[in-house]
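These are the residues of each chain, in order.
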Amino acid sequence: MNSSANPPPKPEHYGIAWICTLDSELAAAGAMLDEHHRDLQEPQDNNAYVLGSIGNNNIVVARLPDSHPGTTSSAADGVTELLARFPKIRFSILVGIGSGVPGDKFSVHLGDVVIGNPTRNTGGVFQYSHDETIAKGAFETIGELIKPPPVLVAAVQNLKTDHLLEVTKIPNHFEQMVTKHPDMQGKYTYPGTAYDTLYEASYEHPASNDRCHTCDKFRVVPRRARYSPEKPKAHYGTIASGDEKLRRGSIRDQLARQTWRDVLCFETAAFGLMHAFPCLVLRGVCDYADSHSTNKLWNEYAAAAAAAYAKEIVLGIRPEQVRECRTAVEFMVDAETKFDIPFDRQPFPRIHQFIGRSHGLETLDQMFMPLKENKHPKLLVLHGAGGIGKTQMAIEFARRHREQFSAVFFIDGRTKELLRSGLAAMIDQLPFETPSLRRMVGPLEAYDDSIQRAIRIVARWLALPKNYKWLLIIDNVDAQNWVEQDEDEEEDMSFADASREADAEAESDTAIAGPEKYDIRPYLDLYTKGSIFITTRLSKMAQLGLNASTEALSLDDGLNMLKSLDPRTEHEQQDATELVDTLHKVPLTLVFASAIMKDAHLTSRQYLHHLNAQLSRHHHLLASNPRLRAYHPTLTATLELSLTTASEENPRAVELLWVFSLLYHGDLFPGLFANATAAHNHWLHSNPNSLFQNLIDVLEKYEFVQLNSAASTTVEEAAYSMHPLVQEWCRDRLEMETEGEDERGEYLFRAFDIMARAIPDPMRRTRQEHMFRRRLLPHADRLVGWYARSPEMHGKLDTTLRIFGNLFADAGRLELARRIYERVLPVCQVAFTGDRNVVPLVRLMCRLASVYKLQGRLMDAGAVLHRAILVFEESKLWGRDNLPYILTAIELAKIYMTLREYEMAQKILVSLTHCELDPPIAEEYAPIATAMMDLAALLMEKGQLAEAATLYGLTMQRLQKRLGGEHRYMYRCMGGLGAVYEAQGKLVEAAEEYQKALVGLQRLLGADHEKTVTLSLALYHLRNGLLKSPETRRILILDQRTMVATEAANAQDPLHNRLLTVVMSKLNLAISLAANSEFHEAGVLLKTIHRAAKRYFRTNRELLITVLSALGDWHVRQNQFSEARTRLEAALDIARDIYDADDLHTVDLLGRLGDVYTAEGDLDTAESAYERAVESMSEILGPDSLDAMLLVFRLGCLYRRKGRAVDAEAEVTRAVRCFEDVLGLAHPQTMRATEELRVIREEQGGSVDEQAALAAGAGEACRTM
């Protein structure tokens, strides 16, 4: 066997996969390689690999894991792991053994090779169900492999031609195999014609014999002898792959006769392959698919014959032909994946018949069409006044081209949170039904609370090969902090929007900010292809890309639209023309006008009369509510007429409208009101769903709401939306409808009550509940904004607002949740007075503590929990003896454990053991026991063995009293105590505790349970040590049955798995010691672990990376930067071989190396490392992610050291903004970044005001800590 003297190729250098499923097939394949490559030292998967080359082609020989009969998972999983490890594989050859079909047309003999012959319409291999086929007597086909790539088809055809001309190197391949591997001379060479026996199809093999030496020779089918039988013959036909091996000759012949294909072989290996996997199947014939196939004499030779033919095929393919092929994953995505998403699944606002705008639509067509795959997305900004019809234009464009676009997405861009939630929600519409697509996009959980991760997955799906025909519509992008509007343009933003200035001023002084302006550009940068359509009132957003403007309708289009809405106007040409002119030819006003005209049977002249009368009262309206000055008088008059008409029909419908004006406009659904109570929302006093629908029907009739086009027609699932401009007008009109702050606040109170009752309990964690919470977030955002603008309502709404904090905390928006909790806590301390109201107050404190803990503010978390405990202790009704008190105290103890204040944690937990629940609840003592065992384990890790043993003993006493001796926590505690005794050198006592725990766990959990096996292994190792000591006799009298079970468990568990457990445990201890500045002990442990890893786990490269990283960090902590650099660079080299360049492991190591290079003074190398890390982290987690900003901050600090002050200020400013939003002002990282920014600006000679502002921010952060 030749081994390459050169370095082994990288995974991406292998283009052909040679797949087999048996060890004999793997050996034959390996023997056919011209050259063998060294192992790549990749992380291990379930496949066995042999790497090498044939001719000039690099080959991966992969032995897939064994499949269970009737399943496909092992083969499919094996191929998935193969493609993940070798991403540039173009195609594969499935090479192995199968059962031949003898016949007159094709004289198939044992040792021959059958090649799945691709035809014009088939791939040469189909899959069938064995049991159903046997039962029916006809093939029950369940799938078919697609046709292999043209390069393989051509190679097969060339080989076929050569063999017809008797030009073959097959005998040479056999000769070379035996020469290189003399041990293969016996099994892998031709057995002889005497052993090639075909029995009559109806003759079954005797059940009592394994071999055919007693079979009736008179039932042998006579066959014509071959001239050179030792030379295998190739047959080109169809291969039938089943989920079970066929062993009946009569069924074989029956099936072969019934099908129109030339079925020459039955086998099982291809059954588990994905139908779109580009693969050629070759099978060496080892039996005749009958009951006489129990003799495996021909298996090895048949495998070698198939391997020799496969080698000849590979030799006929040039390397450049391989490189020109698409990768297997791309091939499968193209064949399997349909990127089409039904157009009607999008929640578009429903629009009336679209009229006119032909020139505008032609302009859009010219900008977007034809669809091509470019390096950048086509981006169009459609700008125009509010209510002018931008959204309708975008939707109409999408409708007209629904056949050209594979998918159309519609999301709301009014606020950053709406944009983010909309982009994340797109994940629910993506078609993840094919395995190939899941491999390309990445793993998906049942649900994921990370909005950023969902956005990233959607972006990866949109970037898949061939997926460029999608359209993303982002509507209402009207609040951008990077766009400066001219004053004259602001006045003409429509029919809207000066009243927002007052709102912005109100928000600036509140602790809880409402919706703010944001920058959409980082989100647009996520997309590399496709089409993006933005609608906005901001004309200066046109600089983003292509742009077009929307104007009012022409007179003719306005008349046509009015006629389509109310056909009666066709006969009122003059009056209709005057009406359209009066309404300024704006689609929104025409829609509202026609709704009243149709319902009240008004003519154009009659409606015009009412409209003019309303316009004459416009000054009175403005006097009552100056906010209405922001809207065009015609719009106000039109909406006022509709409002009056709706109120006359049903006043409660208008009350519902006022509530709608305070919620998110795009998703108004019955589920919001399902738990509304009559106390605050009397219009829903009976069945909320039926009454809701009655009221919504009135609002829909007069066009205040529209049923979303993708919504269900059922009441329970329907969703409605309001035009954003109409909602803004309704909100401002509400100011006039109510008199005094109390009455105005009543509707806000109603909306808060509805929302608070709709938010699910935090403990409910189903996917359905998660989806519902996500649907509620836009409503919660909007209501929090109104709260910020309504200081007069703060005291009344604070107790309800706490429930909103739960919703935001569960969604991962910790900073907003923290501000809410801190805001409402003082109010709740007053509101929840009296002993019976203690629990809601304590729950609020615990939620705040949980947020502090997640933000890294452990001292604050501990302080809040301590106050919560005092609340209980000062309560006459509750005191200490109750479950909420116990759970709160346990959380506080865990905080102390994290802070390494073990004595305080122990004091709290020990005190809990004296609590007496009334009535006693035995199972509720379990959290106390668990926390005490965790603390004991920490004490043991710190070397405080006596204290750990005492705590374990006390826990066991309390468990015995509370839960009785027969409980899993009791046995876990025994096992922990045994570990302490073992660490103390008290081996006999340790064995006794292990023994008692093991017997109990086997009885409760079973011998195969993970905890039982782990304890069995611990006892086994302990016995091995004791057998060498004078205490042997005491161990030998332990229960013999337990010893047998222990040894059996040990025999089934490979040694390296047990050793790996020990190594990982020691590694964690070493890392903890280093973090606690115990460097000597940590160094001794780490070096020992490194030696063990190199000796026993050379193939476990993830472990080597972890150990090298830990050693690097250990050197850094001691300022040994040269040694740290060596360790971390070694880890990075391994990581680059294992993972992608953009993998988190690689990026993390780059960031650490940047720190080391900086400390060494190698600033240029550090800059390169940081910049690559920032770029990769931004791609993985997003440009605004916390991890990316931590790297950006370090890069900014480096720029400062290099004298690049402008770059330093820009990067550190970005980081500060992120830290303030995510971590809060008081977080140490925010404070460090703020101080760094202050120093940078001071060095640049920044303004006194800027420096003072930064200093004040840092001071404020210190005060809040």
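Remember, predicted model here, so these are calculated numbers, not experimental data. (Residues numbered from 1 in each chain as written. Predicted model: local features only at pLDDT ≥ 70, side-chain atom pairs only at ≥ 80, totals over all residues. Heavy atoms only, no water.)

1. Regarding the pattern of salt bridges
Applying the stated criterion across every chain, the model contains 47 salt bridges. In this structure, the salt-bridge partner of Arg283 is Glu267, at a minimum N-O distance of 3.3 Å. Separated by 16 residues along the polypeptide, Arg283 in strand E11 (residues 279–287) and Glu267 in strand E10 (residues 263–267) bring together distant segments of the chain. Looking at Arg283, the relative accessible area reads 2%, which means it is buried. Note on Glu267: relative accessible area 4%, which makes it buried. Two residues, Arg813 and Asp781, come together in a salt bridge whose shortest N-O distance is 2.6 Å. In this pair, Arg813 sits in the loop between helix H29 (794–810) and helix H30 (814–831) while Asp781 sits in helix H28 (residues 767–789), placing the two residues 32 residues apart along the sequence. Both residues of the pair, Arg813 and Asp781, belong to the buried class. The network of salt bridges with shared partners includes Asp1164, Glu1167, Lys1202, Arg1204 and Asp1207. (Salt bridge = Lys/Arg side-chain N within 4 Å of Asp/Glu carboxyl O. Helix = DSSP H or I, 4+ residues; strand = E, 2+ residues; numbered from the N terminus. Buried < 20%, exposed > 50% of the residue type's maximum accessible area, 1.4 Å probe, protein only.)

2. A look at the UniProt feature "repeat: TPR" (unreviewed entry) in the protein chain
UniProt annotation of "repeat: TPR" (unreviewed entry) refers to residues 1147–1180 when read in the numbering used here. The span residues 1147–1180 is 94% helix and 0% strand, and its two end C-alpha atoms sit 10 Å from each other. (UniProt positions renumbered as here; feature names shortened; annotations may be inferred.)

3. Thoughts on the packing of aromatic side chains
Tallied over the full model, the rule gives 18 aromatic pairs. Between Tyr199 and Tyr203 the ring centres are 5.7 Å apart and the planes differ by 45 degrees, which places this aromatic pair in the tilted class. Side by side, Tyr199 and Tyr203 carry an identical accessibility label, which is buried. We note Arg750 situated over the ring of Tyr747; from NZ or CZ to the ring centre the distance is 4.6 Å. A cation sits over an aromatic face here: Arg775 above Phe669, 3.8 Å from the ring centre. (Phe/Tyr/Trp six-rings, centres within 6.5 Å; stacked < 30°, edge-to-face > 60°. Lys NZ or Arg CZ within 6 Å of the ring centre and 35° of its normal.)

4. Examining the nonpolar core
In this structure, Phe660, Phe704, Leu783 and Phe804 are the most contacted members of the largest nonpolar core, which totals 146 residues. Top contributing element to this core by residue count: helix H31 (residues 838–854), with nine residues. In contact with Phe804, other than residues within four places in its own chain, are Phe752, Met755, Ala756, Ile759, Ala780, Leu783, Val784 and Ile820. (Core = buried A, V, L, I, M, F, W, Y, C linked by side-chain atoms within 4.5 Å. Contact = heavy atoms within 4.5 Å.)

5. Description of the pairing of strand E6 (residues 113–116)
As a general feature of sheets, a regular strand has side chains that alternate between the two faces. Here E6 shows a buried face lined by Val113 and Ile115 and a second buried face lined by Val114 and Gly116. Two elements, E6 and E11, share three bridges in a ladder whose sense is antiparallel. Bridge pairing in E11 places Val114 opposite Arg283. (Pairing = 2+ DSSP bridges.)

6. Thoughts on the packing of helix H5 (residues 170–180) against helix H7 (residues 299–315)
Running from amino to carboxyl end, H5 crosses H7 at an angle of 115 degrees, the nearest separation of the two axes being 9 Å. Crossing of H5 over H7 shows right-handed handedness. Seen from H5, the contacting residues are Ile170, His173, Phe174, Gln176 and Met177; seen from H7, they are Tyr301, Ala304, Ala305, Ala308, Tyr309, Lys311, Glu312 and Leu315. Of the residues assigned to the contact of H5 with H7, the class counts are nine nonpolar, two polar and two charged. (Axes fitted to C-alpha atoms, helices over the stretch in contact; angles between N-to-C directions. Left-handed = near helix turned anticlockwise from the far one by under 90°. Nonpolar A, V, L, I, M, F, W, Y, C, P; charged D, E, K, R; others polar.)

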